[in-house]
Amino acid sequence: MNESIYYVDKDILDLIEINFEFVEAKSWYKLYQNKTDKSFWRLDIWDKYQTQFFLKLETIFDWENFDARELEINLLKKTRGVTEEKCKWQNCQNKALNNLVFCEKHAYKEMGIRK
């Protein structure tokens, strides 16, 4: 796994089952350790109303409270891509995401778009 964060789908769940060991669950998350490189990863507990993420942690200290918003925003931008159009949010000069009129930050923070 070369990225720091992934949207969870069947393929990611299969990789987790094969390559990771469950450590513990807290709050809305599960902590896993990669069997090969011993890195720690956090999986959002599935909720039909939320986008589920699997992300690599830099430390396991207070792992359940790690703020993943910037990683999630960057993933949104990477997967959607950007246009040459400007974001329609007032006074924003960033480029809008493909198929949207807002940049990744406004789509995420103001509109609640995760994917």
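Overview of the structure. This structure is a prediction, so every number in the text was calculated from the model and none was measured. (Residues numbered from 1 in each chain as written. Predicted model: local features only at pLDDT ≥ 70, side-chain atom pairs only at ≥ 80, totals over all residues. Heavy atoms only, no water.)

Turning our eyes to something else, we now look at the packing of aromatic side chains. Enumeration over the complete set of coordinates arrives at eight aromatic pairs. Centre to centre, the rings of Phe 22 and Tyr 32 are 5.6 Å apart; their planes meet at 70 degrees, and the pair counts as edge-to-face. One end of the pair, Phe 22, is in strand E2 (residues 20-26); the other, Tyr 32, is in strand E3 (residues 29-34), and ten residues separate them in sequence. On the accessibility criterion, Phe 22 (43% relative accessible area) is partly exposed. Note on Tyr 32: relative accessible area 11%, which makes it buried. Every member of this aromatic cluster is reached through a ring pair, and the members are Tyr 6, Phe 20, Phe 22, Tyr 32, Trp 41 and Phe 54. (Phe/Tyr/Trp six-rings, centres within 6.5 Å; stacked < 30°, edge-to-face > 60°. Helix = DSSP H or I, 4+ residues; strand = E, 2+ residues; numbered from the N terminus. Buried < 20%, exposed > 50% of the residue type's maximum accessible area, 1.4 Å probe, protein only.)

This part takes up the environment of Ser 27. Among the secondary structure elements, Ser 27 is positioned in the loop between E2 and E3. Put simply, Ser 27 and Glu 64 are 37 residues apart on the chain and 6.9 Å apart in space, counted from C-alpha to C-alpha. In contact with Ser 27, not counting residues within four places along its chain, are Ile 45 and Glu 64. (Contact = heavy atoms within 4.5 Å.)

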